Amino acid sequence: MTQKPVLTKKLTGAQIRQSFLDYFAAHGHTIVPSASLVPGNDPTLLFTNSGMVQFKEVFLGTDHRPYTRAADSQKCMRVSGKHNDLEDVGNDNIHHTFFEMLGNWSFGDYYKAEAISWAWELLTEVWGLPKQRMWTTCFQDEKGDIPRDDEAADAWRRQPGLDPSHVLFFGRKDNFWEMAETGPCGPDSELHFDLGPEYCDKAGVPGHVCRVNGDCKRFVELWNLVFIQYNRTSPTDLTLLPRKHVDTGMGLDRVVSILQGVDSNYKTDLFSPILDAIQRLAGQTDAQREANFTPYRVIADHARAAAFLIGDGVIPGNNGRNYVCRMVIRRAARFGGKLGFTQPFLAGVAEAVIDNYGAAYPELTKFRTTILQTLTQEEERFQRTVDVGVANLNDLLDLLTKQNVKTVSGGDAFNLYATFGLPLEITRDIARERGFSVDEPGFVRAREAHAEASRSEIATIEGDMAGSYRQVLHDLQAASKLGPDGVEYDPYNEMELEEPVLALIQDGQRVSGVKAGEKVEVVVGQSCFYIEGGGQVADTGFIAHYAPGSDEPLWEIEIREAIRPAAGLIVHRGTVTSGAPREGDLAWVSVDIERRWDVMRNHTATHLLQAELREVLGDHVRQAGSHVTPDRLRFDFTHQGMLTQEQLDQVTRLVNEAILANYPVEAEHMAREAAVAGGAMALFGEKYGAVVRTIRIGEPEPFSFELCGGTHVLETADVGPFIITTEEAAAAGIRRIEAVTGRAAHELIQKRLGALGNVSTYLKARPEEVDRKVLMFMDELQSAQKEIVRLRRELAQVELDNLLTKIENIGGVPVLAGAVKNVDADTLREMTDWFRAQVPSGVVALGSVFDNRPNFVVAVTDDLVKRGLDAAKIVKAVAKVVGGGGGGKPSLAQAGGKDPSRVNEALAQVKSLVQASLSH
Ligand SMILES: [Zn+2]
Ligand SMILES: [Zn+2]
């Protein structure tokens, strides 16, 4: 059912993406780069999932941009929480984990008329989609509370060639957009395309009518235009916004499939090079590719998603986004098994992704090696996991065989999946081979119960913050205590300031006053506290109220951290240590300054460390996470294999040289493009707005230049000494360095010099000589120990000679049983050899206490073994007396015990044991 391409000259996917951007650039839009898949400013969101994410705060009025019109092609992921599309991916032609969203925005600039006529012109004139097949929808409130969007409907009807009967109205579910329970919202308008009656998959169903927003596949939504004109303050109250905004989104994969006239996103040239690569690697024919289209689709979609995730710094792991990255790689690897892949193959597929998308998203090309290596490592790791899972499954099947059960329960199958990552398909195949079945409905129930539990967790996180904190912010703004931007955030200049208390919050509710001992959150008009971010911990400090002229506080609150629970609102969390704070009191707000300096030293040192690691190890070194606290810094980076001592020494020396050179550390705000063009390293998790903060170190050319929102020392010499304390593996392909600076480094130096001083006193040697002296002592100790062993052996020989005179004859058999002093088990064994060398037929039992533990060795010559004497039996009976046990062969056995005082008593039994054995 492939349709005829709607264009005479077929555009490639890349050309369609570019022509969208060119069209809006020609209409005065600033083309902005895609934000990272990791949202920098929204902790409730796992991934950037639409074009508006990077502009959310602009719509909330808490952030501004130097332009009022923007357009971009945004990288998006939808795989978690309410957008759980993963299980659908591969089963049809339209669901993806990763996708690109084309969008144009107006921030208080143009509105419906322009947005609608540009959308119409681009689709029908520039791209040439047939006008008679276009349909549009507008908002009409089924409850009658919100006015109908006639402004949009009229604008549509004015478009040349649009059939006025194709302008339809729908209610809140389809055509009203809200960001959250409160906040900006408004009607939206959608453009739908009629693929033609042959696309209807419900044609035979009685009563079915093909229609827009219907249940068949004939009409597809192409473009959604959101008109943000209201602010919702409660479930029933909307106020008109003074500045109205436009937010549009169009999925690139779908529009390309329509323009290229194919019936599946996977048949566009966005995907075909990736599918070709899979086919080539699998060595399959076209017919085989057609027959296995589901695995092809899963692998292509997931390899694309994984390449983009790793390109944005998300590596496979066990939590959050890292888990999603692991999940898509493993699902792709699993489907690879269906195509016959037995070795890692995804790097080969990702090459095609990088080649096809690298021009539009340069980070893919830049991190090519990391992407390919990470994929291969994760596939290898997955294979090992499956091996462990299969071993556990086999144990389970053994157990079920014993219990005569022929079905693996759904719960057990799910546990294998949840604990070892063993996919149901593999469990089923192996179970079937061994004659078992698997309760698959039970597996689905167990998985759903598990998913339900994690979903409600996500819902709680998303739900709680929004309401109450936004209400506090809204009330303070309504009372003109806070401006439209909310609380001013400036941790970069002063560390102390004086401000009236605007609000006190307990359990999300505003209170007028609090008492000593209580927990509270304090809002003031501006904050100098650093909010945790970019790996740097939050500041601590205090907020206090003083009577004029007094330096004893009337009340004081110890602040544990500052957080931003809603855009525009900063709260300082702490506990009242004295007095009774009240709203309106003038407060002295102060960061713990010494602690902050420790943190700043460590943060600046982290930048220096990164620069010098790149210098020493190479440009593949890339930040994979960092954690900066007052007592140390931790830096994770991409690198294969342990660093040598020489490399660590060289990095340490270079960092310390950069510190001593006392370079200024300069913070500058600039356009992101300029920063990246100037070589700024794009850090994982940073917020990508139009204007970014950069940190530059080094003169005249900076050797460190990074995007960073953290706080830094003023000049590198402020960092003080830098010492690496550990270097270790953090994950596959990721190394971790921990280091100390400043006061912590001084402390470490003093502690180690102190220990060295003690050693040098004990050794009576100068500190520079202690290592040589210690080696010398170790040598001496070793020879002394050898000498002791030799002397013990000599003594043992003398002792045995003495014992030989005490051999007794038991029933015609020479028996020697005796204790020797301070001999280990090895020597005891050797002594029985000497005995056998001198006494051709006999029994010897020796005991000794060594290191305060009794040991016994019993030996029986071979002729007597044939007569039924058993050394193991004898030694067991002997050891029992001292509370121990042992064993060995009939000719030689040994044992240990606990009670050293009863060795003689134990040995006294030997004669009667021999006697008893002989009389059998
Ligand atoms: Zn239909
Ligand atoms: Zn930084």
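Basis of the calculations
- Residues numbered from 1 in each chain as written.
- Chains lettered and ligands numbered in written order.
- Predicted model: local features only at pLDDT ≥ 70, side-chain atom pairs only at ≥ 80, totals over all residues.
- Heavy atoms only, no water.
- Core = buried A, V, L, I, M, F, W, Y, C linked by side-chain atoms within 4.5 Å.
- Buried < 20%, exposed > 50% of the residue type's maximum accessible area, 1.4 Å probe, protein only.
- Helix = DSSP H or I, 4+ residues; strand = E, 2+ residues; numbered from the N terminus.
- Salt bridge = Lys/Arg side-chain N within 4 Å of Asp/Glu carboxyl O.
- Patch = residues over 30% accessible without salt bridge, like charges linked within 9 Å, V, L, I, M, F, W, Y side chains within 5 Å.
- Areas by Shrake-Rupley, 256 points an atom, 1.4 Å probe, with all protein chains shown as cover.
- Expected span 1.5 Å × (residues − 1).
- Contact = heavy atoms within 4.5 Å.
- Pairing = 2+ DSSP bridges.
- Axes fitted to C-alpha atoms, helices over the stretch in contact; angles between N-to-C directions.

K.L.:
Even after reading the chapter, I still don't get the nonpolar core, so can you show me in this structure?
P.N.:
A general trend in soluble globular proteins is that nonpolar side chains are found buried together. One finds Phe20, Leu123, Trp127, Trp223 and Val255 to be the most contacted residues of the largest nonpolar core, which totals 90 residues. Broken down by element, the residue count for this core peaks at 12 residues, all from helix H9 (residues 293-311). Within the second largest apolar cluster, 62 residues are counted, among which are Val514, Ile531, Ala587 and Val621.

K.L.:
Where do I start with the pattern of salt bridges in this structure?
P.N.:
Note that side chains of opposite charge can pair when their charged atoms are close. Across all of its chains, the model carries 46 salt bridges by this definition. Where Asp398 meets Arg434, a salt bridge forms, and the shortest distance between an N and an O atom there is 2.7 Å. Separated by 36 residues along the polypeptide, Asp398 in helix H13 (residues 368-402) and Arg434 in the loop between helix H15 (424-433) and strand E11 (437-438) bring together distant segments of the chain. Asp398 sits in the partly exposed class, given a relative accessible area of 37%. Judged by its relative accessible area of 33%, Arg434 is partly exposed. Its salt-bridge partner being Glu830, residue Arg793 comes within 2.6 Å of it at the nearest N-O pair. Of this pair, Arg793 sits in helix H21 (residues 770-804) while Glu830 sits in helix H22 (residues 825-838), and the two are 37 residues apart along the sequence. If you follow the salt bridges from partner to partner, you end up with Glu594, Asp598, Arg601 and Arg743 in one network.

K.L.:
What should I look at first to understand a nonpolar patch on the surface in this one?
P.N.:
A contiguous nonpolar patch, built from Val759, Tyr762, Val774, Leu775 and Met778 and spanning about 500 Å² of accessible area, is present on the exposed surface. Secondary-structure elements contributing two or more residues to the nonpolar patch are helix H20 (742-763) and H21. Counting residues per element, the nonpolar patch draws most heavily on H21, at 3 residues. By the secondary structure assignment, Val774 is in helix H21.

K.L.:
In this structure, what is going on with H21? I would like to understand it.
P.N.:
Since there are 3.6 residues in each turn of an α-helix, residues three or four apart along the chain are aligned in direction. Over its 35 residues, H21 extends 50 Å from the first C-alpha to the last, a length consistent with the 51 Å expected when each residue adds 1.5 Å. Regarding H21, the residues found buried are Val770, Ala796, Leu800, Leu803 and Leu804. Looking at the packing, one finds that the buried side of H21 touches H20, strand E29 (813-821), H22 and strand E30 (843-850).

K.L.:
Could you clarify how one ought to interpret the sheet that holds strand E22 (residues 633-638) in this entry?
P.N.:
Hydrogen bonds between backbone atoms are what pair the strands of a sheet, whose relative direction is either parallel or antiparallel. The strand order across the open sheet built from 4 strands is E21-E22-E27-E26, with neighbouring strands paired in antiparallel fashion. Edge strands, defined here as strands with exactly one partner in the open sheet, are strand E21 (623-628) and strand E26 (722-731). For this sheet, the mean inter-axis angle between neighbouring strands, taken without regard to orientation, is 15°. The sheet strands contacting H20 are E26 and strand E27 (734-741), and the helix crosses E27 at an angle near 85°.

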